[in-house]
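Chain by chain, the residues:
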Amino acid sequence: MAPLPLITQAEFQSHSTKKSVYISIDNRKVYDVTRFLNEHPGGSDLLLDYAGRDATKIMADLVSHEHSESAYEILDEYLVGILATPEEEQKLLTPGIDKDSYILTGVASEQDLSLKTDFDNDYKSHKFLDLKKPLLMQMLRGNFKKDFYLQQVHRPRHYGNGSAPLFGNFLEPLSKTPWWVVPTIWLPCVGYGTYLAGQGLSIWALVPLWCLGLFLWTFVEYLLHRMLFHMDERLPDNRYALTIHFLLHGVHHYLPMDKLRLVMPPALFIILATPFYRLAHLLFPYHIGMAIFCGGIFGYICYDMTHYFLHHAVLPEYFRSLKSYHLGHHYKNYELGFGVTSKFWDVVFGTELVDTSIQAKSL
């Protein structure tokens, strides 16, 4: 499901006739209840009285008309957008910003990804996660609906210096991985594995097989990012599945500029890499499988380093283009642009993130 659009106050209030009836809850969630007018147990007139207005108090009023939990679940079927705050409306009216991106994600440019979030206002406005408290238990206890979770986790926030608390206890350091850990641990492993592969292969066989592994990694990178990290629509709608998704990749979209939660922790990498190691040795003799696997692991190292520096470094021209492409995946459309080290597989499978802005068209 794509992120819900921001709706201005003026647009919201204009939907106040029988032809189109919008109401809001908590002055934030906007519902188009036009189709529900004739089905409302309290009659259509009551809904029309609150057309273009907030209905939180009347929905909670036991004397006027009691609403069960199922009534709120039915209401979720009519959710169409998020009511913009005054600050968000001002941003929408600012000349020169990418309004389509801002309406969907609350972020108008790459630079905005690095603007520190106002923790209190963010929690008050969105009722999602309080960045001042450990995030894991909030996810487990929040009982968020999947559509709401996906809409919120793909609205990037920025914690500022340091990292938002995830566990809030002695496990916290395990959730943080500096970028240099990846080459420090895995490059020696790749070197040793390549040496072992070379014991049974000539250099003329070793190099092509190693390069084959490197190429195959680019497909695995795309596949993991699209089918596992973004299995959004296939996610079960329960707190445990959403929490696992958040830990696996959602936290990166929620806090994309967090330097210590960007590259893959070694323990998670071992879990994900083990099936590929076994598959390589199941399909091929030991030395051939090892050569292909090592080329693939070198590709992973390049991927994690590229990913980190796309977020946090000033780069040469080619990588600046790649940086804009990847950050667009974060603030323009998370359902496209899955390639990190290249766009190749995005082009092949029709998921390329194309810049349709006026500025891009004029280039």
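Here we summarise the structure given alongside this text. (Residues numbered from 1 in each chain as written. Predicted model: local features only at pLDDT ≥ 70, side-chain atom pairs only at ≥ 80, totals over all residues. Heavy atoms only, no water.)

**Let's talk about the pattern of salt bridges**
What the rule picks out here adds up to four salt bridges. Residue D122 pairs with R157 through a salt bridge whose shortest N-O separation is 3.0 Å. Linking D122 in helix α7 (residues 119-126) with R157 in the loop between α9 (146-153) and α10 (181-198), this pair joins segments that are 35 residues apart in sequence. The partner of R261 in a salt bridge is E172, with the nearest N and O atoms 2.7 Å apart. Separated by 89 residues along the polypeptide, R261 in the loop between α12 (239-254) and α13 (266-283) and E172 in the loop between α9 and α10 bring together distant segments of the chain. The pair R261 / E172 is uniform in exposure class, with both members buried. Here the salt bridges do not stand alone but share partners, grouping E172, D258 and R261 into one network. (Salt bridge = Lys/Arg side-chain N within 4 Å of Asp/Glu carboxyl O. Helix = DSSP H or I, 4+ residues; strand = E, 2+ residues; numbered from the N terminus. Buried < 20%, exposed > 50% of the residue type's maximum accessible area, 1.4 Å probe, protein only.)

**As for the packing of helix α11 (residues 203-229) against helix α14 (residues 286-312)**
Where α11 meets α14, the closest approach of the two axes is 7 Å, and the angle between their N-to-C directions is 50 degrees. As far as their axial angle goes, α14 and α11 are oblique. Like other packed secondary-structure pairs, α11 and α14 cross with a definite hand, here right-handed. Residue-level inspection shows L206, L209, W210, L212, G213, L214, L216, W217 and E221 of α11 in contact with α14, the latter providing I288, A291, I292, C294, G295, G296, F298, G299, Y300 and Y303. (Axes fitted to C-alpha atoms, helices over the stretch in contact; angles between N-to-C directions. Parallel < 35°, antiparallel > 145°, perpendicular 65-115°, else oblique. Left-handed = near helix turned anticlockwise from the far one by under 90°. Contact = heavy atoms within 4.5 Å.)

**Details of the state of the cysteines**
Taken as a whole and assessed by the stated rule, the structure comprises zero disulfides. Here C294 is not disulfide-linked; the sulfur of C189 is the nearest cysteine sulfur, at 9.0 Å. (Disulfide = S-S within 2.5 Å.)

**Focus: the nonpolar core**
Judged by nonpolar contacts, the single largest core of 35 residues is most densely connected at V182, F269, Y300 and I301. Within the residue set of this core, elements represented by two or more residues are α10, α11, α13 and α14. Ranked by residues supplied to this core, first place goes to α14 with twelve residues. Residues within four places of V182 in sequence aside, it is in contact with L187, V263, M264, Y300, I301, D304 and M305. L131, F148, L242 and L255 belong to the second-largest nonpolar core, a separate cluster that totals 20 residues. (Core = buried A, V, L, I, M, F, W, Y, C linked by side-chain atoms within 4.5 Å.)

**Here's the deal with unusual backbone geometry**
Even without glycine at this site, D26 takes up a positive phi of about 60 degrees. Within the secondary structure, D26 sits in the loop between β3 (20-25) and β4 (29-32). The class for D26 is partly exposed, based on a relative accessible area of 46%. Phi at K127 is positive, roughly 55 degrees, even though this residue is not glycine. As for its placement among the helices and strands, K127 is situated in the loop between α7 and α8 (135-142).

Keep in mind these values describe shape, not function.
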